[in-house]
Amino acid sequence: MSKVIVITSGKGGVGKTTTSAAFATGLASKGYKTVVIDFDVGLRNLDLIMGVERRVVYDFVNVINGEAGLRQSLIKDKRVDNLYVLPASQTRDKDALSMKGVESVINELKQDGFDYIVCDSPAGIEKGAFMALYFADEAIVVTNPEVSSVRDSDRILGILQSKSRKAEEGGSIKEHLLITRYSPKRVEDGEMLSVEDILDILAIPLLGVIPESESVLQASNQGNPVILETKSTAGQAYEDIVDRFLGETVEHRFLDVEKQGFLKRLFGK
Amino acid sequence: MSHPSTDSVSPIDLKGEMNMQNILHIHSTEVRDILHALAAKRDEAPPFFLRSPITVDCKAVESELEALDFTALIEGIKALSFVPVGIRNVSDDVVESVTKAGWAILRDSKAKKAVKPTSTESTDNTGVQASSGDNTDNDSAESEPMNESLGNRVMVINRPVRSGQQVYSPNGDIVVLSQTGAGSEVLADGSVHVYGNIAGRVLAGVNGDRSARIFCQGLEAELIAIAGHYQLLDEIDTPLKGQPAMISLDGDKLVIEPMI
Ligand SMILES: Nc1ncnc2c1ncn2[C@@H]1O[C@H](COP(=O)(O)OP(=O)(O)OP(=O)(O)O)[C@@H](O)[C@H]1O
Ligand SMILES: [Mg+2]
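Scoring rules and cut-offs
Residues numbered from 1 in each chain as written. Chains lettered and ligands numbered in written order. Predicted model: local features only at pLDDT ≥ 70, side-chain atom pairs only at ≥ 80, totals over all residues. Heavy atoms only, no water. Helix = DSSP H or I, 4+ residues; strand = E, 2+ residues; numbered from the N terminus. Buried < 20%, exposed > 50% of the residue type's maximum accessible area, 1.4 Å probe, protein only. Contact = heavy atoms within 4.5 Å. Salt bridge = Lys/Arg side-chain N within 4 Å of Asp/Glu carboxyl O. Arc of directions from axis to C-beta. Polar contact = N/O pair within 3.5 Å; in protein donor to acceptor, adjacent residues only side chain to side chain. Pairing = 2+ DSSP bridges. Axes fitted to C-alpha atoms, helices over the stretch in contact; angles between N-to-C directions. Buried area = accessible area lost by both parts, 1.4 Å probe. Nonpolar A, V, L, I, M, F, W, Y, C, P; charged D, E, K, R; others polar. Phe/Tyr/Trp six-rings, centres within 6.5 Å; stacked < 30°, edge-to-face > 60°. Left-handed = near helix turned anticlockwise from the far one by under 90°. Near = heavy atom within 4 Å. Areas by Shrake-Rupley, 256 points an atom, 1.4 Å probe, with all protein chains shown as cover.

Digging into the environment of Ile156 of chain A
All names here are of chain A.
- For Ile156, the location among the structural elements is in helix 7 (residues 147-163).
- Given a relative accessible area of 0%, Ile156 falls into the buried group.
- Expressed as a C-alpha distance, the spacing of Ile156 and Ala129, which sit 27 residues apart in the sequence, is 9.3 Å.
- Once residues lying within four places of it in the same chain are set aside, the contact partners of Ile156 are Thr8, Ser9, Gly10, Gly124, Ile125 and Leu133.

Quick notes on the pattern of salt bridges
Residue and element names in this part refer to chain A.
- If you walk through the whole model with that rule in mind, you get 16 salt bridges over all chains.
- With its nearest N and O atoms 2.8 Å apart, the salt bridge here joins Glu191 to Arg186.
- We classify Glu191 as exposed; its relative accessible area is 51%.

Here we look at helix 2 (residues 70-79) of chain B
Residues and elements named next belong to chain B.
- Along helix 2, the residues classified as buried are Phe70, Leu73, Ile74, Gly76 and Ile77. Summarising the axial view, the buried residues of helix 2 lie within an arc of 165°, below the 170-degree limit, and thus occupy one face.
- With a side-chain oxygen lying 3.1 Å from the backbone nitrogen of Thr71, the N-terminal cap of helix 2 falls on Asp69.
- Immediately beyond the C-terminal end of helix 2, within one or two residues, lies Ser81, with a positive phi of roughly 75°.

Things to note about the sheet that holds strand 14 (residues 229-232) of chain B
Residues and elements named next belong to chain B.
- The strand order across the open sheet built from 5 strands is 7-9-11-13-14, with neighbouring strands paired in mixed fashion. Pairing within the sheet leaves two strands with one partner each, and these edge strands are strand 7 (166-169) and strand 14. Strand-to-strand twist in this sheet, taken as the mean axis angle between neighbours without regard to direction, amounts to 5°.
- Here strand 13 (residues 223-226) runs beside strand 14; their pairing, made up of 4 bridges, is antiparallel. Along strand 14, the bridge assignment pairs Ala225 with Tyr230.

Brief notes about the interface of chain A and chain B
- Across the contact, 12 residues belong to chain A and 12 residues belong to chain B.
- Counting the surface lost from both chain A and chain B, the interface buries some 900 Å², and carbon and sulfur atoms represent 38% of this.
- Contact with chain B buries area across many residues of chain A, yet Arg151, Asp154 and Gln161 of chain A alone supply 56% of it, more than any other trio.
- Our enumeration of links across chain A and chain B arrives at 2 salt bridges.
- With a shortest N-O distance of 3.9 Å, Arg151 of chain A and Glu222 of chain B are connected by a salt bridge.
- The interface formed by chain A and chain B contains 7 residue pairs in polar contact (both at pLDDT 80 or more).
- Counting only elements with at least two residues in the side of chain A that touches chain B, the list comes to helix 7 and helix 10 (195-202) of chain A.
- At 7 residues, helix 7 of chain A tops the list of elements feeding residues into the side of chain A that touches chain B.
- Here the residues of the side of chain A that touches chain B are counted per class, giving 5 nonpolar, 3 polar and 4 charged.

Comments concerning the pairing of strand 5 (residues 116-120) of chain A
- Burial of strand 5 of chain A is extensive: 5 of the 5 residues sit out of reach of the surface.
- What you see with strand 5 of chain A is no split at all: Tyr116, Val118 and Asp120 of chain A on one side and Ile117 and Cys119 of chain A on the other are buried throughout.

Section: the sheet that holds strand 6 (residues 138-143) of chain A
All names here are of chain A.
- Read across the sheet, 8 strands follow the order 3-4-2-5-1-6-7-8 without closing on themselves; strand pairing throughout is mixed. Each having just a single partner strand, strand 3 (75-76) and strand 8 (206-211) make up the two edges of the open sheet.
- Pairing between strand 6 and strand 7 (residues 174-182): 6 bridges, direction parallel. Across the sheet, Val141 pairs through a bridge with Leu177, a residue of strand 7.
- In the packing of helix 12 (residues 233-245) onto the sheet, the strands contacted are strand 1 (3-8), strand 5, strand 6, strand 7 and strand 8, and the crossing angle to strand 8 comes to about 170°.

Things to note about the packing of aromatic side chains
All names here are of chain A.
- Going through the model one piece at a time under the given rule, you end up with 7 aromatic pairs over all chains.
- Consider the rings of Phe23 and Phe245, whose centres lie 5.0 Å apart with planes at 90°: the pair is edge-to-face. Taken together, the positions of Phe23 in helix 1 (residues 16-29) and Phe245 in helix 12 put the pair 222 residues apart, joining distant regions of the chain.
- On the basis of relative accessible area, Phe23 is assigned to the buried category, the value being 0%.

Observations concerning the packing of helix 7 of chain A against helix 10 of chain A
Residues and elements named next belong to chain A.
- Running from amino to carboxyl end, helix 7 crosses helix 10 at an angle of 30°, the nearest separation of the two axes being 10 Å. As helix 7 packs across helix 10, the resulting crossing turns out to be right-handed. In this structure, helix 7 uses Val150, Ser153, Asp154 and Leu157 to contact helix 10, whose residues at the interface are Ile198, Ile201 and Leu202.
- Residue classes in the contact of helix 7 with helix 10 are distributed as 5 nonpolar, 1 polar and 1 charged.

A look at the site of ligand 1
Residue and element names in this part refer to chain A.
- Near ligand 1 lie 16 residues; those nearest to it are Gly13, Lys16, Thr17, Thr18 and Ser213.
- The contact in question runs from a nitrogen atom of ligand 1 to an N or O atom on the backbone of Pro211, over 3.0 Å.
- Taken by itself ligand 1 offers 630 Å² of open surface, and the protein chains cover 83% of this.
- Of all the secondary structure elements, the ones that give two or more residues to the shell around ligand 1 are helix 1, strand 8 and helix 11 (214-221).
- If you tally residues by element for the shell around ligand 1, the top one is helix 1, at 3 residues.
- Here the shell around ligand 1 is built from residues that sort into 6 nonpolar, 6 polar and 4 charged.

So far we have only geometry, and geometry alone does not tell us how the molecule works.
Here's what the structure looks like:
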């Protein structure tokens, strides 16, 4: 049975694309046939972060318009088996997506035996974001530890609960919270919301916390999903969330200020 | 066709308290004029009107409703950031176009001896008239408590009310089993019970029931209101912020007390 998972947030720039790339790569590494779709038509970001931008021939909009077949348009990853990317078009705008078109692409992917269909949503609560979430079975809501981001996530949760196909059929999308760019030091200094604060406000199950890490930017500049950077804390945290998503119990890491840093602050000056 | 007068008479009469359940009495079928007058009304009132529910009463123009563009009316009202709740006193011949436009038609369900409002719409041929009131002709926000007329239907919401969402329990109480988010809105004709924090706007007794109350496990609301008497929480100093609290109306003051 294939599952459609939307990576969404409301607010822009919180780490959706980073997460989509890492998460899809992680699922594929575990042996699941996985495709990650870029719904951010007009901006085209995912293919850069996945390092496949020079291999794009056809895109999502071409498939929807019947200008290219799905198989021609899927880009097979060279590092990880079972991993495919369906890139967005840079030259169209988001009106190029139609509900019917998206539905038929998703259905075809299901028929092709994909286990996981990961949808990288654009920011906002308009058409593009709506298309990305409409067919989802599960949602990973990406939040940064700041008030405006949490507020937008609350908004998106409301939309997931009322405007998705699952909701229209009387069911509900399974929700997961992913906090990214978490900086324990800034939380301790009161500059950022803590995990507890965010859970209080959003009240959905916590899938994981990704620490703020320089390796994220480095990895995306190299077109390497950060989960493949096994030495980076962010990469490790993404590995954890994939395991947790697949049902394993994994303790949360990177929530506290590192001991060393803490002692340094106590005695350093 | 009645057109709005161009003279000195105010196109709008806002009666009673600034009740959340606004009744928009239209005296014209020119949507442009109606919206124009409504926009002016909104702009003179505080941001309080933002996303507040509005009911349109067509009584005054009931016989000439074919001339009214109901789609333009609902869209225009939305565009002004009101929430069109429903429409009433529409003649049978326009019902189809009314519903097609997306309106809910409100019947005067409580067709009981409608107490005539103290100051009946004596205003004249103006475009619109907004009065705070209820869903019946029982039009005064300051009228007697209307417990007995509440059907006492309880609406239960078993998940958080999220930012941007609005839930409204007509004719009764509302019970929210978890919290309400900042930027959300919970309204009830009766009382509001929230078994979590309230962080959004919470309005009880929106039809004028002064005995309605608000109960919550954590008081962090942006705005609380009972029977149209409202208070921004930032404006008041209460030790109960973030605490379990009960809010009731005493005279025209909201009283915030700890839950016993
Ligand atoms: N854990 C992290 N640590 C440090 N930087 C991060 C982290 N996660 C994401 N970033 C950075 O934040 C920026 C935005 O990330 P990304 O493009 O994934 O966000 P997005 O939500 O997809 O944005 P958009 O809404 O524009 O699509 C990028 O520069 C990325 O490198
Ligand atoms: Mg993105």
